[in-house]
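Listed below are the residues making up each chain.
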Amino acid sequence: MESVVRVKKSLRTPVRKLTSCVSGVKERRLCAKPRNRRGRGGGGRGRGGCNRSGRTPPLRTAHPKEPSVICSYQADLEKERFCFLISQVYLCFVCCVYRKLREAMNAQKNAERAAMRSHFRKKYQLSESTKDTNHLRSVGRKVSLPHELSKIIHPESKSKDNSFNLLSAFQGLSFGTAALTGNKHSKTSTPTSGRRDSCQRALCMAAAGTVVDGKLEGRKGAESAGVRKRGVDGRVRSFDEIPHTGRNGWVNLVKFWREDRFRQLHKHMERTFNTLGPIYREHVGTQSSVNIMLPPDISELFRSEGLHPRRMTLQPWATHRETRQHSKGVFLKNGEEWRADRLLLNKEVMMSAAVKRFLPLLDEVARDFCRMLRAKVEREGRGEEGRRSLTMDPSPDLFRFALEASCHVIYGERIGLFSSSPSLESQKFIWAVERMLATTPPLLYLPPRLLLRIGAPLWTQHASAWDHIFTHAEARIQRGYQRLSSSQGRGAEAGAAGGRYTGVLGQLMEKGQLSLDLIKANITELMAGGVDTTAVPLQFALFELGRNPEVQERVRQQVRVSWAEAGSDPQKALQGAPLLKGTIKEILRLYPVGTTVQRYPIKDIVLQNYHIPAGTMVQACLYPLGRSAEVFEDPLSFNPERWSSSSEEGQRGDRMGFRSLAFGFGARQCVGRRIAENELQLLLMHVLLSFHLSVSSTEDISTTCTLILQPETPPRITFTKL
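Here's what I pulled together on the structure shown here. Model, not experiment: these values are computed from the prediction.

As a further point, take the overall build of the protein chain. Looking only at helices and strands, the protein chain features 27 helices and 13 strands. Looking at the protein chain as a whole, 48% of its 722 residues qualify as buried. Long-range pairs, those at least 24 residues apart, make up 72% of the contacts in the protein chain with a sequence separation of at least 6. When the accessible surface of the protein chain is split by element, carbon and sulfur atoms take 52% of a total near 36,700 Å².

We now examine the packing of helix α21 (residues 532-547) against helix α27 (residues 673-690). Closest axis-to-axis distance for the α21/α27 pair is 11 Å, and the angle between their directions is 35 degrees. When you trace α21 past α27, the crossing you get is right-handed. Two secondary-structure elements touch here, α21 through Thr-534, Pro-537, Leu-538, Ala-541, Leu-542 and Leu-545 and α27 through Ala-676, Glu-679, Leu-680, Leu-683, Leu-684, Val-687 and Leu-688. Partitioning the contact of α21 with α27 into residue classes produces 11 nonpolar, 1 polar and 1 charged.

Quick look at the environment of Trp-431 now. Within the fold, Trp-431 resides in helix α16 (residues 424-444). Among the residues examined, Trp-431 registers a relative accessible area of 49% and is labelled partly exposed. Here the alpha-carbon distance between Trp-431 and Ile-469, two residues 38 residues apart in the chain, equals 9.6 Å.

Moving on, we get to the packing of helix α15 (residues 395-410) against α21. In contact at an axis separation of 8 Å, α15 and α21 are set at 140 degrees when each is read in the N-to-C sense. Put simply, α15 runs oblique to α21. When the axes of α15 and α21 are compared, the crossing they make is right-handed. Contact with α15, carried on its side by Ser-395, Leu-398, Phe-399, Phe-401 and Ala-402, involves Asp-532, Thr-534, Ala-535, Val-536, Leu-538, Gln-539 and Leu-542 of α21 and no other residues of that element.

On to the pattern of salt bridges, then. Tallied over the entire structure, the rule returns 35 salt bridges. Look at the salt bridges and you will find they share partners, linking Glu-364, Asp-368, Arg-371, Glu-404 and Arg-414 into a network.

This part is about the packing of aromatic side chains. Per the stated rule, a full pass over the model turns up 15 aromatic pairs. Linked through ring pairs, Phe-256, Trp-257, Phe-262 and Tyr-445 together constitute an aromatic cluster. Here the basic side chain of Arg-281 rests over the ring of Phe-239, its NZ or CZ set 5.2 Å away from the ring centre.

This part covers the sheet that holds strand β10 (residues 691-694). Spatially, 3 strands are ordered β5-β13-β10 in an open sheet, and the strand pairing comes out antiparallel. The sheet is open, and its two borders are formed by β5 (389-392) and β10, each paired with just one other strand. Between one strand axis and the next, the sheet turns by 20 degrees as a mean value, whatever way the strands run. For β10 and strand β13 (residues 717-721), the ladder comprises 4 bridges, and the chain directions are antiparallel. From the neighbouring strand, Phe-691 faces β13, where its bridge partner is Lys-721.

As for its placement among the helices and strands, Arg-642 is situated in the loop between α25 (622-626) and α26 (645-648). Assessed through its relative accessible area of 11%, Arg-642 is described here as buried. Of note is the side chain of Arg-642, whose polar atom sits 2.9 Å from the backbone oxygen of Glu-633.

For soluble globular proteins, nonpolar side chains are generally found buried alongside one another. Grouped together as the largest cluster of nonpolar side chains are 151 residues, with contacts concentrated most on Phe-369 and Phe-719. Among the elements that take part in this core, helix α14 (residues 352-380) stands out by supplying 12 residues, more than any other. In contact with Phe-719, other than residues within four places in its own chain, are Leu-373, Val-377, Arg-388, Ser-389, Leu-390, Met-392, Pro-394, Leu-542, Val-687, Phe-691, His-692 and Leu-693.

Turning our attention to the sheet that holds strand β6 (residues 596-599). Across the sheet, 4 strands lie side by side as β3-β4-β9-β6; this open sheet has mixed pairing. Looking at the sheet topology across the chains shown, the edges are occupied by β3 (279-284) and β6. Recorded for the sheet is a direction-independent mean angle of 30 degrees between the axes of neighbouring strands. Inspection of the sheet shows β6 paired to strand β9 (residues 618-621) by 4 bridges, in the antiparallel sense. By the bridge assignment for β9, Arg-599 is matched with Val-618. Helix α10 (residues 265-276) contacts β3, β4 (287-292), β6 and β9 of the sheet and is inclined by roughly 130 degrees relative to β3.

The grouping of Tyr-90, Phe-93, Val-97 and Leu-101 at the surface amounts to a nonpolar patch, some 380 Å² of accessible area in total. Structurally, Leu-101 can be placed in helix α3 (residues 67-123).

Once that is clear, we can look at the side chain of Arg-668. With respect to the helices and strands, Arg-668 occurs in the loop between α26 and α27. With no salt bridge to any partner, buried Arg-668 finds its closest opposite charge in Glu-525, at an N-O distance of 7.9 Å. From its side chain, Arg-668 meets the backbone oxygen of Val-330 in a polar contact 3.0 Å long. At 2.9 Å, the side chain of Arg-668 forms a polar contact with the side chain of Asn-334. With residues near it in sequence (within four places) discarded, Arg-668 still touches Pro-309, Arg-310, Arg-311, Val-330, Phe-331, Lys-333, Asn-334, Trp-338, Arg-342 and Arg-599.

Turning our attention to the environment of Arg-387. Structurally, Arg-387 is set in the loop between α14 and β5. The class of Arg-387 is partly exposed, set by a relative accessible area of 45%. For the pair Arg-387 and Leu-722, spaced 335 residues apart in sequence, the C-alpha separation works out to 6.6 Å. At 3.3 Å, the side chain of Arg-387 and the backbone oxygen of Lys-721 are in polar contact.

Rules of the game
Residues numbered from 1 in each chain as written. Predicted model: local features only at pLDDT ≥ 70, side-chain atom pairs only at ≥ 80, totals over all residues. Heavy atoms only, no water. Helix = DSSP H or I, 4+ residues; strand = E, 2+ residues; numbered from the N terminus. Buried < 20%, exposed > 50% of the residue type's maximum accessible area, 1.4 Å probe, protein only. Contact = heavy atoms within 4.5 Å. Areas by Shrake-Rupley, 256 points an atom, 1.4 Å probe, with all protein chains shown as cover. Axes fitted to C-alpha atoms, helices over the stretch in contact; angles between N-to-C directions. Left-handed = near helix turned anticlockwise from the far one by under 90°. Nonpolar A, V, L, I, M, F, W, Y, C, P; charged D, E, K, R; others polar. Parallel < 35°, antiparallel > 145°, perpendicular 65-115°, else oblique. Salt bridge = Lys/Arg side-chain N within 4 Å of Asp/Glu carboxyl O. Phe/Tyr/Trp six-rings, centres within 6.5 Å; stacked < 30°, edge-to-face > 60°. Lys NZ or Arg CZ within 6 Å of the ring centre and 35° of its normal. Pairing = 2+ DSSP bridges. Polar contact = N/O pair within 3.5 Å; in protein donor to acceptor, adjacent residues only side chain to side chain. Core = buried A, V, L, I, M, F, W, Y, C linked by side-chain atoms within 4.5 Å. Patch = residues over 30% accessible without salt bridge, like charges linked within 9 Å, V, L, I, M, F, W, Y side chains within 5 Å. Lys, Arg positive; Asp, Glu negative; His and termini not counted.

Listed below in structure tokens is the structure:
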């Protein structure tokens, strides 16, 4: 009770400030005892009816029954009641939190005692205690013993008692002789040396340590980043023994917000892998996952994805569709319904015949972009005629290019974003996509329905951004529908529209295999996912080519030869320039658009010798994968030639596969992959044919993570005409 009283006393000041803020009355104290203004005896200096100066305060002249006085009194009374209610709610909340903390501390202490008793019962072959079992179960059977208790059951010298197995009594407890011999950890350690290294860690009931603020609690480092073999006792370890970053998801969520980890999620993953090893568990808010980064583990994960692969549902997006009564596209669907829609979409966006139809449209937009950029360099650049150069931030122009290209392929029409005055509607669409992507990550770890009910500003911004995206898409879809209807009314041949490709929208409408609502849902998702995810990698690509002039020149020479031999045929030109495709893969290795690829295995699997139950969300983390020295040689260097066939010949098998996953893998890979890949390659091809790229600074770009990885500050590129 004393602690509760102290908490109440500490809350008096914030409650008083909260009351003053709400009521607007700064002098009034609700928590203080009201002063008797008239006094008991009516006399005395400063205690009775007189003030401190000895003067009697003037009486009120207004009549007590005057309506204005009554209304004012009632308003003040309501404010006081409201403030009192808020203070009581706040006090109850703090007391509840305090009580929960006390209960958790008591449960931890009881579990530590139970662990000690359980150890000695096991040692002397005594029967187990139901009470101790309940204490251990209350903390998930994971107890980190204090150093003093650890020394009792884990002495420095090697135990000679072979009558019991201490490892069986403490799941995941690892020890050896490395601490005595002073052996140092090696990256290429064998399973035996890994077991020797494990004795350098502090004793922990779970094999998992806990990362707090980037430091490992419970043990001082991870084992080798390679594949873990079986434990000392020759068994597959349980799911609970996987290293983790903390048991309480809500505490982790508060840490994420306080330390702004959402914006540096890719760096957080990389640090955690370096600390805990190639696999760890993470529980943040309502989301729980197992994170992996090595190709053999990723291969095992994809082998168990089943006929209907599932990835993490973006619940804020799904909640928006449900509340606005919109149909869901393939991005938010699962099961047989997803498969049926996806097979129909693949015919229009993934098949080689579809790519051949829309490739000329992308090439047209890329040519127009370079024509616009050349005019801008001539108009605003410096230098002699024909060799003028311009240093600029290309990101606004790249966003306009991505939106123009997407609209041309999906809707079959140009929207004129390369004009001197692009439409305000298109600029608002780009803003809405950026706002939607920025507000998605924090909402992933909170219940969207609750935020919707209380009208949270974060949810309001997210929903309004999606509303604008749908409004823009619906207007374009209606225009496409009218255009298709008029062409059919004039007797145009179905599917041709006078011999011109009508875009993905026109093809879906002509075939009529999807309802109009499903077409709208999928077209909107394609548009929302086709702007930032293309424009941002182009920024990184221009920067890396600019600060690596030797690589830039090799790619340019190959592109020139291929373009001349292809006779201006974009498809043949791309096929003859493998370094261009390697450049895109290298950019997406260093700067993956999406930082993770998720799957839910349909059967139990074993990763890094840990048992993963079916239905667990497992994430392949692409940023740490792309920068791992165990997967790539010289991982921080920009080298498109590492993806050439000659470099890959000697690296077949698991080490070679599953290294490039920026667009996902298998049946559930990115539905717009073919559009994005060709869009990126065609623009880079035309830029390299027209300009030499350079940068003023060769320092690494600082990156931030919204829903996608992007630069904190867009890089400035110098374009010099060739």
